[in-house]
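Spelled out from the first residue to the last, the chains are:
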Amino acid sequence: MNQAAAKQRNGWRVVDIVTASVIAVASGVIFWAWSAGYGLFSLAFAAFPPAAALLTGVWLFPAVLGALIIRKPGAALYCELLAAVIEALLGSHYGLTVLISGLVQGLGAELVFAAFRYRKWNLGVALLAGLFSGLFAGVSEAYILAYYVEYTPALKLFHVVATGVSGLVVAGLLSWLATRGLAKTGALSALASRRAHLETGKLAAK
Amino acid sequence: MSSVANTGATADTRRGTEIIARSFGWHHAEREKPAIASLDLEIPAGQKVLLVGPSGAGKSTLLHALAGLLEADDSEQSTGQLLIDGSDAFAREHPVGLMQQDPETQVVQSQVADDVAFGAENLAVDPSIIRQRIPEALDAVGLGMLPLDHRTQELSGGQKQRLALAGILAMQPGLMLLDEPTANIDPEGIGPLRDAVLNAAQVSGATLLVVEHRLDAWAGHMDRVIVLEPGGGVAHDLDPQRLIDDEELRAELSAAGLWVPNYLPQVPTAAIEPGELLLEADQLVSARTGDSPRTQAVDLSVRAGTATVIRGENGAGKSTLALTLGGLLQPAAGQLQAVEALANGLDASSFSWKAGALIGRIGSVFQEPEHQFVTQSVREELAFAPLRAKASGGHELKYDPAEVDALVDSLLARLGLEHLAEANPFTLSGGEKRRLSVGTVLAAAPQVLILDEPTFGQDANTWRELAGLLVEQLEKGTAIIAVTHDEHLASTLSAGQIRLAARADQAPAITRGPVLDAPVGRSWLAKINPLAKLGAVAAATLPLITTLDWVSAVVIVGATLLAFPLAGLSVERFLKRAWPLLVAGVIGAWGIALVGQDSGAVYAQFGIFSITEGSVHGGIATGLRAFALALPCILLLATTNPSDLGGALSQQLRVPHRFVLGALAGMRLLGLMVEEFSTLGLARRARGVGNFGTVAQRIGAKLGQCLALLVQALRRAGRLAVTMEAKGFGLGERTWIRTASFTGRDAAVLAAGIVLGAAAIGAAVLAGTYNLVWG
């Protein structure tokens, strides 16, 4: 493959930057709507608070969705980080650590797409990206940012597994389905993912 | 691609550019036919041209080509030549201004002066020259009275378009391209916008190319009219006077859907036979939410087979009233009664009905058709409501599946959408979407039909079909209520009218929900470099991550509270911002107290969990730490404008400006998207989706709403990207009119943050409470 073609495939055009930004902002709106209802969900978990980790995936979907739509190096990281900035600006109760979380979660997904050299965007890769984003989030929360320093070791492990599963399903599967749904509406016509709905649904499709 | 030249020419030497097309053609990727084929055209410098043609004639494509926005790759083919002053349009050697129809995406920045400067900055014009051009450009478009830091969010649609025009003028283009500039703005905004465009052309001497389908506003002011042919070249090239004199031409153009001057499509006027009373409003007051502005009180009796139009100035709350009448919002005051003839066994309050019961009684058609699409094909879209509509009492289904099929087929035929039955609704043309959105609501056979600006922005053919459809419904006995500026529609429907005035006693509507560019005030902290503040907050709070103890957290919380006067924050404003943090802190503390590591006295026992002295201490420390991490951010947010932060990031930390400015442009849409999200919820209830269902149905409905939001977000992103590219964004080095500086005072703030962080940790170590969380 010649260099010019690689540059065209991997370089960010203005429409890619603006679309990624707007996806992140829309994600911020969804976070905002979600957190309004999140308190209720959390109450449902009041009997066993660590189970709330199963809802973490909602905060991870911009990384996978952004990458599946933009299909450029850095898209997962950029969308997740910007969505975290929006969350901080909207008055997140995590303070600046939300930016660190955004970076870590975005990185988890980004590394998966990078491992496939930004060429594969199928269901399997999406699920893997969601899973890694969740695992990165879980590990950083349980062991590095130490939000749950008072948890027992078993509960910390439970937390990591729960965020991973949540990332797989919510960030991975739902983002992949959303990308196909969006492609059908023609809303992706200016982007590399415009034919996403015509790609096969097999796990390891090209 | 070479960079756009800008010589900084003075007013005397500025002039328009000449356009020449020689057998020019363009073929979009993944389209069967070329958008433009063998176009031959010569437009001399400084001419004012009205470009018209039926939809699909390639008008927008031509404008995008002239603006240098089409990029030829393997799949998109250009043929022939398109020259601007002798050089290839694709090389972008001359600044070209482009305005599109959606006002929201023509504005890029959050403050007026920044937005005017945006294009010129991208062309790397000297900042001192840009600062001179800003007031000149604002004067030329009639916005000279606005303060330079006025928030662009607060402008009306027509003002936003004029602001975009000022930004184009500040680029000093030789060519200005306007793609249906008045299609999305209210009638009262059209005249001032048109005059601003003509004045801008006058002062700049630029060649002017306007695409419009409503010709009345423009015909009398232009030098020439060019009619394009779908998939071909020029159909007519004529003097504007012939749009008024030449009957044959007028007939041809109006048949193509254009609004030629003084033309009104004729539909037989509805014969009105008032039937029984259905809906009665008594001193009804409407409001979007509890704390948003309220409308005037309204009295209204809605009878079967009659039409009523709601009129009134902008901001009077016409749409809000329509939503309330539609059973989508709860009345803010007064009475709204559904009479038994309509309620048919249900409560008199339509707001309390389940969505399925509502749609079979009162149908609401929203202004934006896409807000109401809930399925993947036109056929499913039409079948959606009848499959869910509930009959009397609100329990049994109104139709069986065979009836639904027959109903859908007849609707497809009536709407002229048979050939599109399997198409995705979002991929239809504007007129087709409008017809479908009316059809989907009619499919549930409501007795009352409410429409918000049904004819707004539609071509003459869609107008004729819609009016015919509505007259038919009236004569069948449906009651129609329409919010509209369209007098011809009102008279065709023989409608009565109610007029809503804006209430004098309240401030104009403000954007609800979160906004990012709220004014930051003039406090001491507001003048500090954003990076210094960001660094100070980071230095003060991030060390807390290393420990879980209450001493360090209390030091940070205390110091932050002492700093609040510097940010000009009162206790009341602080509590308004901080209460979610307090709640989160308490919830966090509870979680840890319940499941944290146990030690000491046992206070309570729930199954396998126990609350002990140790876990309570852990919980309190966790809650306090969460609070201490978040609280200083309030200082930062309350005193920092995101645009300043972006500028500082880009200029001082060398973060790539394309990403910083792209992010800021996207963030400007936040308030708009929050509003759109709540509108989507209502629009989807009006289709029978949503509330009062099972948990699975509600989750499904919410996911659908999120997807619908993303569709709208992506559409706006596409238009915003075109605007930014047309303003030279991303071409190369740029200049900045806002320069970020770093003074001794900024350094002091940063140092204070570092000292505070160290002091918090030091205090904890001295008190013996410091405990390394990774230990």
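Residues numbered from 1 in each chain as written. Chains lettered and ligands numbered in written order. Predicted model: local features only at pLDDT ≥ 70, side-chain atom pairs only at ≥ 80, totals over all residues.

## Some points on the overall build of chain B
The helix and strand tally for chain B stands at 25 helices and 20 strands. Taken over C-alpha atoms, the radius of gyration comes to 30 Å for chain B, in line with the 28 Å a tight globule of 775 residues would show. When its C-alpha atoms are laid out on the principal axes, chain B stretches across 95 × 75 × 55 Å. Expressed as a percentage of its 775 residues, the buried residues of chain B come to 50%. Considering only intrachain contacts with a sequence separation of at least 6, the fraction spanning at least 24 residues in chain B is 77%. (Helix = DSSP H or I, 4+ residues; strand = E, 2+ residues; numbered from the N terminus. Rg over C-alpha atoms; globule rule 2.2 N^0.38 Å. Buried ≥ 20, exposed ≤ 12 C-beta atoms within 10 Å, placed from the backbone. Contact = placed C-beta atoms within 7 Å.)

## A few points about the interface of chain A and chain B
Residue-level contacts link 47 residues of chain A with 63 residues of chain B. Listing elements by their share of the side of chain A that touches chain B, those giving two or more residues are helix 2 (14-44), helix 4 (75-89) and helix 7 (153-184) of chain A.

## Topic: the packing of helix 23 (residues 670-685) of chain B against helix 24 (residues 695-726) of chain B
Residue and element names in this part refer to chain B. Viewed as axis vectors pointing N to C, helix 23 and helix 24 meet at an angle of 130 degrees, and their least axial separation amounts to 10 Å. For the element pair helix 23 / helix 24, the angle class is oblique. Seen along the crossing, helix 23 lies across helix 24 with a hand that is right-handed. Note on element contacts: helix 24 touches helix 23 through Ala701, Gly704, Gln705, Ala708, Leu709, Gln712 and Ala713, opposite Met673, Glu676, Phe677, Leu680, Gly681 and Arg684. Looking at side-chain class alone, the contact of helix 23 with helix 24 contains seven nonpolar, four polar and two charged residues. (Axes fitted to C-alpha atoms, helices over the stretch in contact; angles between N-to-C directions. Parallel < 35°, antiparallel > 145°, perpendicular 65-115°, else oblique. Left-handed = near helix turned anticlockwise from the far one by under 90°. Nonpolar A, V, L, I, M, F, W, Y, C, P; charged D, E, K, R; others polar.)

## Quick look at helix 15 (residues 460-475) of chain B
All names here are of chain B. With 16 residues, helix 15 should reach 22 Å at 1.5 Å per residue; the first-to-last C-alpha distance of 23 Å fits that figure. Of the surrounding elements, those touching the buried residues of helix 15 are helix 8 (247-255), strand 13 (307-312), helix 14 (430-442), strand 16 (448-452), strand 17 (479-483) and helix 16 (487-492). Where helix 15 terminates, the next one or two residues include Gly477, which has phi positive at roughly 105 degrees. (Expected span 1.5 Å × (residues − 1).)

## A look at helix 21 (residues 642-652) of chain B
With eight of 11 residues buried, helix 21 of chain B lies mostly within the body of the structure. Taken together, the buried positions of helix 21 of chain B are occupied by B:Pro642, B:Ser643, B:Leu645, B:Gly646, B:Gly647, B:Ala648, B:Leu649 and B:Ser650. Looking at the buried positions of helix 21 of chain B, the neighbouring elements they touch are helix 4 of chain A together with helix 2 (112-122), helix 17 (530-541) and helix 22 (657-667) of chain B. B:Arg654 sits one or two positions beyond helix 21 of chain B and adopts a positive phi of about 60 degrees.

## A short note on the sheet that holds strand 2 (residues 36-43) of chain B
All names here are of chain B. Pairing is antiparallel in the open sheet, where four strands are placed in the order 2-1-4-5. Where the open sheet ends on each side, the last strands, each with one partner, are strand 2 and strand 5 (87-88). Judged from the five bridges that link them, strand 1 (residues 19-27) and strand 2 form a sheet pairing that is antiparallel. In the sheet register, Phe24 faces strand 2, and the bridge partner there is Leu39. (Pairing = 2+ DSSP bridges.)

## Some thoughts on the sheet that holds strand 15 (residues 362-365) of chain B
Residues and elements named next belong to chain B. Taken together, five strands build an open sheet; the order of strands is 15-16-17-13-18 and the sheet is parallel. Each of the sheet's edge strands pairs with one partner strand only, and the pair in question is strand 15 and strand 18 (496-500). Ignoring which end each strand starts from, the neighbouring axes of this sheet average 15 degrees apart. In terms of strand pairing, strand 13 meets strand 17 through four bridges, oriented parallel. In the sheet register, Thr308 faces strand 17, and the bridge partner there is Ile481. Helix 9 (residues 318-325) contacts strand 13, strand 16, strand 17 and strand 18 of the sheet and is inclined by roughly 155 degrees relative to strand 17.

## Comments concerning the confidence of the model for chain A
Of the residues in chain A, 85% have a pLDDT of 70 or more, and the chain-wide mean is 86. Within chain A, the lowest mean pLDDT, 64, falls on helix 1 (residues 3-10) of chain A, and the highest, 96, falls on helix 3 (residues 61-70) of chain A. (pLDDT = per-residue confidence, 0-100.)

## So, the UniProt feature "transmembrane region" (unreviewed entry) in chain A
All names here are of chain A. UniProt's feature table lists "transmembrane region" (unreviewed entry) at residues 12-34, 40-61, 73-90, 96-116, 123-145 and 157-178, given in the numbering used throughout. Helix makes up 83% of residues 73-90 and strand 0%, whereas the separation of the span's terminal C-alpha atoms amounts to 27 Å. Secondary structure across residues 123-145 divides into 96% helix and 0% strand, with the first and last C-alpha atoms of the span separated by 31 Å. (UniProt positions renumbered as here; feature names shortened; annotations may be inferred.)

## Description of the domain arrangement of chain B
The domain boundaries assigned to chain B delineate domain 1 (46-68 + 90-107 + 155-255), domain 2 (277-509) and domain 3 (525-640 + 742-767). Taking only C-alpha atoms, the centre of domain 1 of chain B and the centre of domain 3 of chain B are 56 Å apart. (Domains from an automatic or database assignment.)

## A closer look at the environment of B:Gly647
Residue and element names in this part refer to chain B. Summarising the element assignment, Gly647 is placed in helix 21. Each C-alpha atom of the pair Gly647 and Ile737 lies 9.8 Å from the other, and the pair is 90 residues apart in sequence. Once residues lying within four places of it in the same chain are set aside, the contact partners of Gly647 are Trp736, Arg738 and Ala740.

## Brief notes about the nonpolar core
In this structure, A:Val64, A:Ala129, B:Leu66, B:Ala166 and B:Met673 are the most contacted members of the largest nonpolar core, which totals 290 residues. If near-sequence neighbours (up to four positions away) are discounted, B:Leu66 is found in contact with B:Ile19, B:Leu82, B:Ile84, B:Ala89, B:Val96, B:Leu175 and B:Leu177. One finds A:Val160, B:Ile592, B:Ala593 and B:Ile611 within the second-largest nonpolar core, a separate group that totals 13 residues. (Core = buried A, V, L, I, M, F, W, Y, C linked by C-beta atoms within 7 Å.)

## With respect to the packing of helix 18 (residues 550-563) of chain B against helix 20 (residues 613-639) of chain B
Residue and element names in this part refer to chain B. Look at helix 18 against helix 20: their axes get within 9 Å of each other, and the N-to-C directions meet at 30 degrees. Considered as vectors, helix 18 and helix 20 are oriented roughly parallel to each other. Our pair here, helix 18 against helix 20, has a crossing hand that is left-handed. For the pair formed by helix 18 and helix 20, the contact residues are Trp550, Ala553, Val554, Ile556, Val557, Thr560 and Ala563 on the first element and Ile620, Ala621, Leu624, Arg625, Phe627, Ala628, Leu631, Pro632 and Leu635 on the second. When its residues are assigned to classes, the contact of helix 18 with helix 20 shows 14 nonpolar, one polar and one charged.

## Observations regarding unusual backbone geometry
Across residues other than glycine, the phi torsion is negative in most instances, and most of the peptide bonds are trans. One non-glycine residue, B:Asp85, lies in positive phi territory at about 50 degrees. By the element assignment, B:Asp85 lies in the loop between strand 4 (77-84) and strand 5.

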